[in-house]
Amino acid sequence: MTDTTTMTAEASRTVVSGCTDLGGAVESLVDSADAVSAFTTAISEVAKVPASYVENVVFTPGSTCGGRRLDARRLQTTGTVTYDLVFPASLGAAGSQAAAQQAIADLSTATVESVSSAFTEAIATYDSLSGVTVTVESVSTPTITESAGTSPEPTDAPDTTTTDDD
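This section reports on the structure supplied with the text. (Residues numbered from 1 in each chain as written. Predicted model: local features only at pLDDT ≥ 70, side-chain atom pairs only at ≥ 80, totals over all residues. Heavy atoms only, no water.)

Quick word on helix H1 (residues 33-47)
- The terminal C-alpha atoms of H1 lie 21 Å apart, and with 15 residues this matches the ideal 21 Å at 1.5 Å per residue to within 8%.
- Listed as buried for H1 are Ala35, Ala38, Phe39, Thr40, Ala42, Ile43, Ser44, Val46 and Ala47.
- Along its buried surface, H1 packs onto strand S1 (14-24), strand S2 (54-61), strand S3 (78-87), helix H3 (93-109) and helix H4 (112-123).
- Positive backbone phi, approximately 60°, marks Lys48, located one or two places after H1. (Helix = DSSP H or I, 4+ residues; strand = E, 2+ residues; numbered from the N terminus. Expected span 1.5 Å × (residues − 1). Buried < 20%, exposed > 50% of the residue type's maximum accessible area, 1.4 Å probe, protein only. Contact = heavy atoms within 4.5 Å.)

Here it is, written out as structure tokens:
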């Protein structure tokens, strides 16, 4: 009798990380589960992925996606929201990679207006966020931060941020 062992490559998830610059009452969104749900809905619609793929949504007042320091006047009315899109291992390595690339393409071509509209509409569905006004100022092109179980080395990729000024 012969034993045969078959080795298969383990499927792995792919993680895409993104950042969006916000204006308005960003401090009202910190520690708000409803704000996280609203942004999750908005970014999943724009990226054309299931909302369950959106994880690690964090609102940070007084910061920018580009890491620029803000003067005291702008600290009160600006901030960021960072997020991850996690494409599960169940898609297979090639499948999660392809889905991640498509989501990056969809987010890269999204306008500030379309992301802002989706977020504003999602915010309006939560009573706890009534009266909160937040605008999307820019949408940075997301990047793959984990693929095939590894984290890529940082690169000096050009900034491809879309702003209202573009």
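So much for the structure itself; the text now carries on.
Topic: the packing of aromatic side chains
- Summed over all chains, the structure comprises five aromatic pairs.
- Considering the side-chain rings of Phe39 and Phe119, the 5.4 Å spacing of their centres and the 85° angle between planes classify their relative orientation as edge-to-face. Residue Phe39 is found in helix H1, and its partner Phe119 is found in helix H4; the two are separated by 80 residues along the sequence. Each of the two residues, Phe39 as well as Phe119, counts as buried.
- Every member of this aromatic cluster is reached through a ring pair, and the members are Phe39, Phe59, Tyr83 and Phe119. (Phe/Tyr/Trp six-rings, centres within 6.5 Å; stacked < 30°, edge-to-face > 60°.)

Focus on the state of the cysteines
- Under the counting rule described, the total for this entry stands at one disulfide.
- Bridging Cys19 to Cys65, the disulfide has an S-S length of 2.0 Å. Measuring handedness by torsion sign, the sulfur bridge of Cys19 and Cys65 sits at about -85° and is left-handed. One end of the pair, Cys19, is in strand S1; the other, Cys65, is in the loop between S2 and helix H2 (72-75), with 46 residues separating them in the sequence.
- Owing to a relative accessible area of 13%, Cys19 belongs among the buried residues under this scheme. (Disulfide = S-S within 2.5 Å.)

As far as function goes, none of this settles anything; it's purely spatial.
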